[in-house]
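In case you want the letters, here they are:
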Amino acid sequence: MGVVAQRSFLLAGALCLAIPIGLAPAQVPQSKIHLFRGGHLELTSRLHLATRADCGYILSNGQVLPSLSADQNPAFLHLVNRPQVRLRTLVPYSIDAATFVDLTGEASRGVLDATSSYRASDAEISGPRVQARIGLAEFLEGFQLVVPAGGFRLAFGYENTLAGNLRATIVGSRTRVSTLVESAGTTTPVVLNALLDAESDLAVRVRNTHLVASTRIARRTIFGLQLTRQTLELRLRGQVRADATMLYAGLEHAFNDPSAPWPTDLSQELDVDIRGAGISLRAGVWHLLTKSTVVDASIRVAGATECKGKVFLVQNRIPALNLDGLLLGEEDAEILEPARLKLTQLTLTERVQPKTYGGARLTSPVELRLGFLSVARRASGAFAAQAYVGELGFQYGPTLLAARPRWKLHGTLSYGRAFTTLSLTSLELFTQGAGRYVRDIRQGLGAPQWAFGLAWQRGPWTVVQYLRLLPVPNLALTLTLIF
């Protein structure tokens, strides 16, 4: 959420923990870290990207032609000759991220590097103990009902296109940091002690509901049209709970003291709930060149999804804590600035009022597709090329997170009941207006997708097993009942 997320949690964590991030000061600062214990960090991530697992069209000899799928071109819906119901499910899983990388070790090395310029001679430094699990929790991906009606084929469907959840919890993180102040001709240390617990929960869901119709416009040419309503739901909740004290001249002064004559609140809270809907239209045709050759083309255009909702933010900070120095890597930065410490109000805090926005905007690119299929006795090969105009972007206020696809090449091979698909998308990831504490990025990359499938018919049922290896591994099962 751009400014909101940065200033409520990145800054809040640094505020309460006084964690120095990547500094390289030219002189040794007076601020010293005596204790940093990262506590326990638990991360849970679940991500679902629609597989659209489909075997396309099945010939009378059982051979599958997966490229002839209405998910690729609505005109292919016309290949359905009898009413059918299709249900697509996913197999959930969960994996310990420690299987692939030592997150605790990486976090400890990061903390040691970041604190190197501030460690006191008796410093006790240890990174967080990290536990992370990644997986897939979504079970129902979608369904579709297809009904032939005279010279038309009509379909109604629902799809969970994207579902993601990221939950982070920090428990028992402790920090002790000191600086030196001059008063009445003497130099005296001021020590900040802090204990932090924090949690955040981000959930994103994109759902599609679609209507599809197809009809014959020439002896060997079919036309199809798909109208889709896309809904976006974004929910972000977070809270930071900090207990802290300032020690000066043998006296300890506590924050979060309701009886204090000045503000001492260190609470941080964020609650975002944004929802919206948009419409897209896809039109396509396919033409039978010969008995074994098919060409198809389609275009998809989409309007912007305007999202509205609430953004509630509470953020408090310690004025003497130099957040800019910590997060921007300023030279000679102090963790606690002696000049900003009021010795008569050591626990003074101030409420920060960053600008928030009541809505967001999701945009989609125009997509142009051209495909070719050749069928042999038991095998088939298909190739499709897609070009894009525009970007897939999420904008909140001045902050834009976007992916700008350029082209996509998609190949499919099948033999009998088995098939495999491989595609490569060229795109550019970039951000704009991410804020003072996060640099804008612009990175080009190639995104591969790779999957295997197996399909067979048993009476009125068609069953498709679909294993996707890239980009998000998962196993899907599609059941189609033909009436």
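This write-up is about the structure you can find in this document. Note that the structure is a prediction, hence the values are computed from the model and not measured.

## Notes on unusual backbone geometry
Item 1. Following L470, the chain continues into P471 via a peptide bond in cis, with omega recorded as 0°.
Item 2. Take P471: it is sitting in the loop between strand 25 (461-470) and strand 26 (474-482).
Item 3. At A249, a position not held by glycine, the phi torsion is positive, near 55°.
Item 4. Mapping A249 onto the fold places it in the loop between strand 12 (221-248) and strand 13 (251-254).
Item 5. Notably, N256 is not glycine yet its phi reads approximately 55°, a positive angle.
Item 6. Here N256 falls in the partly exposed class, since its relative accessible area comes to 31%.

## With respect to the layout of surface pockets
Item 1. The volume enclosed by the second largest pocket comes to roughly 420 Å³.
Item 2. Contributing to the lining of the second largest pocket are 23 residues, with Y57, L79, V80, Q84 and I482 lying nearest its centre.
Item 3. If you list the elements that add at least two residues to the lining of the second largest pocket, you get strand 3 (57-58), strand 5 (84-90), strand 9 (140-149), strand 25 and strand 26.
Item 4. Of the residues belonging to the lining of the second largest pocket, the class tally is 12 nonpolar, eight polar and three charged.

## Structural notes on the nonpolar core
Item 1. Judged by nonpolar contacts, the single largest core of 27 residues is most densely connected at I33, V190, L192, M246, F255, I318 and L341.
Item 2. Of all elements in the fold, only strand 1 (32-37), strand 10 (152-183), strand 11 (186-218) and strand 12 reach the threshold of two or more residues within this core.
Item 3. Grouped together as the second largest cluster of nonpolar side chains are 14 residues, L236, I274, C307 and V311 included.

## Quick notes on the environment of P189
Item 1. Its location among the elements puts P189 in strand 11.
Item 2. A sequence separation of 210 residues divides P189 from T399, and the C-alpha atoms of the two residues are 41 Å apart.
Item 3. Excluding residues that lie within four positions of it along the chain, P189 makes contacts with T179, L180, L247 and Y248.

## Focus: empty space enclosed by the protein
Item 1. Taken as a whole, this structure holds one cavity of 30 Å³ or more when the rule is applied.
Item 2. In this model, the largest cavity occupies a volume close to 110 Å³.
Item 3. Lining the largest cavity are D71, R86, L87, R88, E141, G142, F143, Q144, Y158, E159 and H210.
Item 4. Elements that contribute at least two residues to the lining of the largest cavity include exactly strand 5, strand 9 and strand 10.
Item 5. Examining the composition of the lining of the largest cavity, we find that four residues originate from one element, strand 9, more than from any other.
Item 6. Residues that form the lining of the largest cavity fall into these classes: three nonpolar, three polar and five charged.

## Observations concerning the packing of aromatic side chains
Item 1. Applying the stated rule across the entire model yields six aromatic pairs.
Item 2. Ring centres of W450 and F452 lie 5.2 Å apart, and the angle between their planes is 55°; on these two criteria the pair is classed as tilted.
Item 3. Residue classification places W450 among the partly exposed positions, given a relative accessible area of 35%.
Item 4. The rings of F143, F156 and Y158 are connected pair by pair, giving a single aromatic cluster.

## As for the pattern of salt bridges
Item 1. Scanning all chains against the criterion turns up 23 salt bridges.
Item 2. Where R86 meets D54, a salt bridge forms, and the shortest distance between an N and an O atom there is 3.4 Å. Taken together, the residues R86 in strand 5 and D54 in the loop between strand 2 (40-49) and strand 3 connect sequence positions 32 residues apart. The pair R86 / D54 is uniform in exposure class, with both members buried.

## Considering the environment of L65
Item 1. Mapping L65 onto the fold places it in strand 4 (residues 64-65).
Item 2. On the basis of relative accessible area, L65 is assigned to the buried category, the value being 4%.
Item 3. C-alpha separation for the pair L65 and A451, spaced 386 residues apart in sequence, amounts to 15 Å.
Item 4. Apart from the residues lying within four places of it in its own chain, the contact partners of L65 are C55, G56, Y57, L59, L373, V375 and S380.

## Focus: a positive patch on the surface
Item 1. A surface patch of like charges, here positive, comprises R377, R378, R417 and R458.
Item 2. Mapped onto the secondary structure, R417 falls in the loop between strand 22 (399-415) and strand 23 (418-432).
Item 3. On the accessibility criterion, R417 (40% relative accessible area) is partly exposed.

## Points about the side chain of D271
Item 1. Structurally, D271 can be placed in strand 14 (residues 268-290).
Item 2. What makes D271 buried here is its relative accessible area of 14%.
Item 3. Reaching out from D271, the side chain makes a polar contact with the side chain of K310 at a distance of 3.4 Å.

## A closer look at the pairing of strand 14
Item 1. Pairing geometry for strand 12 and strand 14, over 20 bridges, is antiparallel. Looking across to strand 14, one finds that G238 is bridged to L270.
Item 2. Note that strand 14 and strand 16 (residues 305-317) share 10 bridges and pair antiparallel. Within strand 16, the position partnered with L270 by the bridge is L313.
Item 3. Pairing geometry for strand 14 and strand 15 (residues 293-302), over 10 bridges, is antiparallel. Residue pairing across strands places V285 opposite A297, the latter belonging to strand 15.
Item 4. Counting the residues that bridge the hairpin from strand 14 to strand 15 gives two residues.

Cut-offs and rules
Residues numbered from 1 in each chain as written. Predicted model: local features only at pLDDT ≥ 70, side-chain atom pairs only at ≥ 80, totals over all residues. Heavy atoms only, no water. Helix = DSSP H or I, 4+ residues; strand = E, 2+ residues; numbered from the N terminus. Buried < 20%, exposed > 50% of the residue type's maximum accessible area, 1.4 Å probe, protein only. 1 Å grid on protein atoms, 1.4 Å probe; cavity = no way out; pocket = protein on both sides within 12 Å on 5 of 7 lines; lining within 4 Å. Points joined across faces, edges and corners; volume = space filled by probe spheres on them. Nonpolar A, V, L, I, M, F, W, Y, C, P; charged D, E, K, R; others polar. Core = buried A, V, L, I, M, F, W, Y, C linked by side-chain atoms within 4.5 Å. Contact = heavy atoms within 4.5 Å. Phe/Tyr/Trp six-rings, centres within 6.5 Å; stacked < 30°, edge-to-face > 60°. Salt bridge = Lys/Arg side-chain N within 4 Å of Asp/Glu carboxyl O. Patch = residues over 30% accessible without salt bridge, like charges linked within 9 Å, V, L, I, M, F, W, Y side chains within 5 Å. Areas by Shrake-Rupley, 256 points an atom, 1.4 Å probe, with all protein chains shown as cover. Lys, Arg positive; Asp, Glu negative; His and termini not counted. Charge placed at Lys NZ, Arg CZ, Asp CG, Glu CD. Polar contact = N/O pair within 3.5 Å; in protein donor to acceptor, adjacent residues only side chain to side chain. Pairing = 2+ DSSP bridges.

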